[in-house]
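Coordinate inspection notes
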Amino acid sequence: AGWALLKPAPAVESAGAVADPKAQVCNVFNTVSKAVSIQTKRAPSPDLGPLTPVAAEAIAANARLAMSGGASYLLEQLPSNTPKDLAAEVRAFASDLNGLSVNALAGIPNDQEPQAGLLRSAEETNKKIVELCK
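An account of the accompanying structure is given in this report. (Residues numbered from 1 in each chain as written. Predicted model: local features only at pLDDT ≥ 70, side-chain atom pairs only at ≥ 80, totals over all residues. Heavy atoms only, no water.)

Some remarks on the overall build of the protein
On a plain count of helices and strands, the protein comes out with 5 helices and 0 strands. Counting from the amino terminus, the protein carries its helices and strands in the arrangement α-α-α-α-α. (Helix = DSSP H or I, 4+ residues; strand = E, 2+ residues; numbered from the N terminus.)

Details of a nonpolar patch on the surface
Where nonpolar side chains cluster on the molecular surface, the patch consists of Leu 48, Leu 51 and Val 54 and spans about 270 Å² of accessible area. You can see Val 54 is positioned in helix α3 (residues 52–76). Classification of Val 54 as exposed rests on a relative accessible area of 56%. (Patch = residues over 30% accessible without salt bridge, like charges linked within 9 Å, V, L, I, M, F, W, Y side chains within 5 Å. Areas by Shrake-Rupley, 256 points an atom, 1.4 Å probe, with all protein chains shown as cover. Salt bridge = Lys/Arg side-chain N within 4 Å of Asp/Glu carboxyl O. Buried < 20%, exposed > 50% of the residue type's maximum accessible area, 1.4 Å probe, protein only.)

What about the state of the cysteines?
For the structure on display, the rule yields 1 disulfide. Paired through a disulfide, Cys 26 and Cys 133 show a sulfur-sulfur distance of 2.0 Å. Residues Cys 26 and Cys 133 are joined through a disulfide that is left-handed, its torsion about the S-S bond being -90°. Pair noted here: Cys 26 is in helix α2 (residues 21–40) and Cys 133 is in the segment after α5 (115–132), with a separation of 107 residues, a long-range link. Owing to a relative accessible area of 7%, Cys 26 belongs among the buried residues under this scheme. (Disulfide = S-S within 2.5 Å.)

What about the packing of α2 against helix α4 (residues 84–105)?
Across the interface, α2 lies against α4 with an axial gap of 11 Å and an inter-helix angle of 20°. Judged by the angle between their axes, α2 and α4 are roughly parallel. Where α2 crosses over α4, the two elements pack in a sense that is left-handed. Judged by residue contacts, Lys 22, Val 25, Cys 26, Phe 29, Val 32, Ser 33 and Val 36 of α2 engage Leu 86, Val 90, Phe 93 and Leu 97 from α4. Within the contact of α2 with α4, the residues separate by chemical class into 9 nonpolar, 1 polar and 1 charged. (Axes fitted to C-alpha atoms, helices over the stretch in contact; angles between N-to-C directions. Parallel < 35°, antiparallel > 145°, perpendicular 65-115°, else oblique. Left-handed = near helix turned anticlockwise from the far one by under 90°. Contact = heavy atoms within 4.5 Å. Nonpolar A, V, L, I, M, F, W, Y, C, P; charged D, E, K, R; others polar.)

A word on the environment of Lys 22
Along the chain, Lys 22 falls in helix α2. The partly exposed category is assigned to Lys 22, whose relative accessible area is 30%. Residues Lys 22 and Pro 79, 57 residues apart in the sequence, show an inter-C-alpha distance of 8.7 Å. Excluding residues that lie within four positions of it along the chain, Lys 22 makes contacts with Pro 83, Leu 86, Leu 132, Cys 133 and Lys 134.

Quick notes on the nonpolar core
Membership of the largest hydrophobic core comes to 21 residues, with the highest contact counts inside it found for Leu 74, Val 90, Phe 93 and Leu 97. Those elements that provide at least two residues to this core are α2, α3, α4 and α5. By residue number, the principal contributor to this core is α4, which donates 7 residues. Filtering out sequence-adjacent residues up to four positions away, Leu 97 remains in contact with Val 32, Val 36, Met 67, Gly 70, Ala 71 and Leu 74. (Core = buried A, V, L, I, M, F, W, Y, C linked by side-chain atoms within 4.5 Å.)

Structural data, given as structure tokens:
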């Protein structure tokens, strides 16, 4: 037990400086974008009958989780030496995802503000990050 207390902690690189921060951020961004895209485009099968509303709610919950979890993951995996322009856009995108997920939980439809504005912002920020990751 004493040795466990005194041994050095393993080095953790995820939030610190990394050799290729742009590649790391872009890989994480691509994973999060894919997760959000997959989960927000799902629809329940029409042949579920009376279970369709339950399935729709489960699908919506997964979409909210993809946005919220994706935002957290993006921020956790953002190396300290990420280029400033890319880091700023990733933080903005994560903020939009968090806002979208909370508004969805509050029942705000996508065509009403502030949800509509956040959707536009997330789409624009997504495009900027894609360009920065080229």
